[in-house]
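One-letter residues, chain by chain:
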Amino acid sequence: MSGLKMPEANRDVLSRRAEIVSALRAIVPGEGVIDARTEMRAYETDALTAYRQMPLVVVLPETVEQVSRVLRYCFDNGIKVVPRGAGTSLSGGALPLEDGVLLSMMKFNRVLDIDYSNRAVVTQPGVTNLGITRAVEHEGFYYAPDPSSQIACSIGGNIAENSGGVHSLKYGLTTNNVLGLEMVLITGEVIRLGGKHLDAEGYDMLALMTGSEGLLAVVTEVTVRILQKPETARAVLVGFATSESAGRCVAEIIGAGIIPAGMEMMDRPAIHAAEDFVHAGYPLDAEALLIVELDGPEAEVDHLLGEVAAIARRNGCTSSRTSTSEAERATFWAGRKAAFPAVGRISPDYLCMDGTIPRKALPEVLSRMQDLSKKHGLRVANVFHAGDGNLHPLILYDANKLGELDAAEAFGADILRLCVHVGGVLTGEHGVGVEKRDLMGEMFNEIDLAHQMRVKCAFDDRQLLNPGKVFPELHRCAELGRMHVHAGALPFPDIPRF
Amino acid sequence: MTAPGPGPAPDRHFRPLDADGVREVVAWAAAEGQPLEVIGTGSKRALGRPVQAAHVLDLSAISGVEAYEPAELVITAKAATPLAEVEALLAGADQEFAFEPMDYGPLLGLEPGRGTLGGMLATNLSGPKRLKHGAARDHVLGIHAVSGRGEIFKSGGTVVKNVTGYDLSRGLAGSWGTLAVTTSLSLKVLPAPQTEASVLIEGLEDDEAADALCRAMGTSAEASSAAHLPQGIGSRLAVDGLSLDRPATLIRLEGFAPSVDYRFEALAHLMKPLGPVTRLEAEPSRALWRAVRDVRPFCSDAAPVWRVSVAPASGSDFVATLRENCEADAFYDWSGGLVWLSMPDGDAHAAEVRFAVSQVGGGHATLVRADAATRANLAVFEPQGAALAALGHRLKAQFDPVGILNPGRMLAGA
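It should be emphasised that the depicted structure is a prediction, and the values quoted were computed from it without experimental measurement.

Trainee: Sorry if this is basic, but what is going on with the pairing of strand β13 (residues 262–267) of chain A here?
Mentor: Regular strands place side chains that alternate from one sheet face to the opposite one. Residues and elements named next belong to chain A. Judged by how many residues are buried, β13 sits mostly within the fold: six of six residues are covered. Burial of the side chains of β13 extends over both faces: Gly262, Glu264 and Met266 are buried on one face and Met263, Met265 and Asp267 on the other. As paired elements, β13 and strand β14 (residues 288–296) share six bridges and run antiparallel to each other. Across the sheet, Met265 pairs through a bridge with Leu290, a residue of β14. Across three bridges, the pairing between β13 and strand β18 (residues 380–385) is antiparallel. In the strand pairing of β18, Met266 is matched with Val383.

Below you can see the structure in the form of structure tokens.
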């Protein structure tokens, strides 16, 4: 852990550990409270494995009432709580705190209601993303957001992170596919938002909760929209001699009114790593590779594949292959989906970054990234959700070499600054967590951040839920609450602005 | 306008020219505890509860498109930019707001086309295509705003995929200007469909139609709208060349021509056993959905109108339950999930409407048309449970601690 500061541990809480454990056992009986270090080891990190911390104690409640009582107890006793789903966060969102209760929601693992008439599934938060699709696919339905960790990640975690996936341009992010929630505030109050109807009433608390990284409330039930699977899906694999021509091709596809189900780009290092690993038949002479997937009725897909191929030719593609079978389509994707482990084979370690940029800035960003690569002395491979501008640079390093992790982190920070500089954002889908927390100032000024914290203060003014994540500095809500206005200063309507 | 002197502030009409001017007005109002009614063009003043504020913060000068690059699928414009102007600009590039923001003008007795982008977000507008594409809140990418603290802040950005910090942009959707004054917005746009057609099935009862629409939505036909107009509603649509004298169940298909044709055949085949099926081509289809969008059947009188959101399959049960207790004209959008009600005897029948919502598994009802006295004395929006209402009050207190932004708009005394 290179220089990451977490909130100072509360000595009083640490010294009362035994008492806290037994109080929690009174709420969650049996094996639902884990305090042995060997058993807690499984919870000391999430998918951002560079950071580790033993929690005070792990609690696995099974009922909403238990969640409510645990939170109320922690609220009354000033104990921090870190909620955790499947632990697949790439930004350290579930990193434990030494003086905090780690609240695992993975015993909430049942699908509660499948309602095909309303195209809605009501589920507990510990059900995996893919588990929802599995529960409805025999009727031809699926849940659209598909983060690459979908086999393992929980829907509760998807809410916390507003997870995306490769199909988000056409089908939206988690926030566009959630209809309702049940949540428990740190005070133990249970609140329901939305339901099977569209448009939740009042302030859009669903929007604030989705992507709130476990800082606002603990989700105990989720209602999502399901869709009927498209009749068919086919992909075309197109190679280009430059990333500029690939970028122009992407812009022209969108300009032609086509919204592909997925549109992915890989650069030369990523193409080579993936091809060596899965032998998908990627063109090794290409500087940039596009995978464009169209889905829908066959008549539509055939029509659009023709258009996409013509656009690719106009932009000077060096190779073009259209999938003719489901197996071939799967092969096209196999390389892209294995890009991370493929890069893992050519380097002992890698850091996966997650900025989003305006599509048009891609050539500039790729070229400046090569300069940064030289500056930091580390290699980088790029995979890019070209449809929505989400860029995943993979920085290759060796943690066993002195200083390489620090160099990789500095390189990553430079890339994210570059993303913000060209009009993009720090994180497209992995979340801020602890990883990008200290970079928030690159995108937001103090007043921007204060307004985000005010949401936190409305939900959890004692800041007990997941502190140390998202915000670079913790301000007490009372301090934040002061109004700084010049008493009585009048906005004179006679000055030219008015 | 003249420079105000000392003493109690007389009613003022502030019309700042930029975000900094807005900040100055709000900061003054916060310091002095002077409530403001925030308006763009005032086209939605008759919606929601009447605001209790002496002064007006008029944003109409904060107007104009700031950036639009069709290939990036995003437009950024100042808050009071007319929606009609933006839609015309998008149409010129064969793009659109896919959520099809409705125009409340005709229903409220105003001329159409007066709304602004800021008002669209503040009231979270949508239309028939909300069923497939979501509402304004699903398309907002970023905002600049002035909170009730008189501070300028931004949230989000101009890219589709962004999870950097809390989603305040979406959080302001449907907040009716009570948390912050938006000065600029970035919104996602999409290619306009090449063509469209609608499946029309005639003669279905409400419950049969509900069933048919839910079945259609459960297929891979990707319908973008689904509505049912009971007997006596279709004839009040006022769409040229289209006479719907019998109950009309409608499903809309959009996209590339070969795809629309194929999906039309698939749905027509599925629906044939239910009743006669006809195809509405692009022109009449567009006109029809526009009329449904703007609630044209209820625009010709002044009876109280409710907008009710329930689970799609429960729409017809809701209306049946309501009619056990009072008279109501009704039609259905969003596959049955959006019920427009007109109360013919002139009474809003709020208790009956809310009771019926509670009987079908929940949802919410908003009184969108009634005289000001009725809207001031009734809960216009669906009352919330104690814990959620308290959370809403805390959020309001964080963003507008003095309570100067549109007081009373959503709730009495808040």
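Trainee: Looking at this structure, how should I read helix α14 (residues 362–376) of chain A?
Mentor: Helical geometry: 3.6 residues make up each α-helical turn, so side chains three or four residues apart lie on a common side. All names here are of chain A. Its 15 residues place the ends of α14 21 Å apart at the C-alpha level, agreeing with the 21 Å of an ideal helix rising 1.5 Å per residue. Leu362, Pro363, Val365, Leu366, Met369, Leu372, Ser373 and His376 are the residues of α14 that are buried. The inward-facing, buried residues of α14 contact α9 (243–255), β13, β18, β19 (390–397) and α15 (404–421). Phi for Gly377, located one or two positions after α14, is positive at around 65 degrees.

Trainee: I keep staring at the interface of chain B and chain A and nothing clicks. Help me out?
Mentor: It is common to report an interface's size as the accessible area lost on association of the parts. The partner chain A presents 103 residues to the 94 residues of chain B that form the contact. Both faces combined, the contact of chain B with chain A buries some 8300 Å², and carbon together with sulfur accounts for 61% of it. Among the residues of chain B in contact with chain A, Lys161(B), Val163(B) and Tyr166(B) are the three that bury the most area, contributing 12% of the side total. Taken together, chain B and chain A are joined by eight salt bridges. For Asp448(A), the salt bridge goes to Lys154(B), with nearest N and O atoms at 2.6 Å. For the pair chain B and chain A, the number of links is 29 residue pairs in polar contact (both at pLDDT 80 or more). Its residues placed into classes, the side of chain B that touches chain A shows 45 nonpolar, 27 polar and 22 charged.

Conventions adopted
Residues numbered from 1 in each chain as written. Chains lettered and ligands numbered in written order. Predicted model: local features only at pLDDT ≥ 70, side-chain atom pairs only at ≥ 80, totals over all residues. Heavy atoms only, no water. Buried < 20%, exposed > 50% of the residue type's maximum accessible area, 1.4 Å probe, protein only. Helix = DSSP H or I, 4+ residues; strand = E, 2+ residues; numbered from the N terminus. Pairing = 2+ DSSP bridges. Expected span 1.5 Å × (residues − 1). Contact = heavy atoms within 4.5 Å. Buried area = accessible area lost by both parts, 1.4 Å probe. Salt bridge = Lys/Arg side-chain N within 4 Å of Asp/Glu carboxyl O. Polar contact = N/O pair within 3.5 Å; in protein donor to acceptor, adjacent residues only side chain to side chain. Nonpolar A, V, L, I, M, F, W, Y, C, P; charged D, E, K, R; others polar.

These results come straight from atomic positions and should not be treated as a statement about function.
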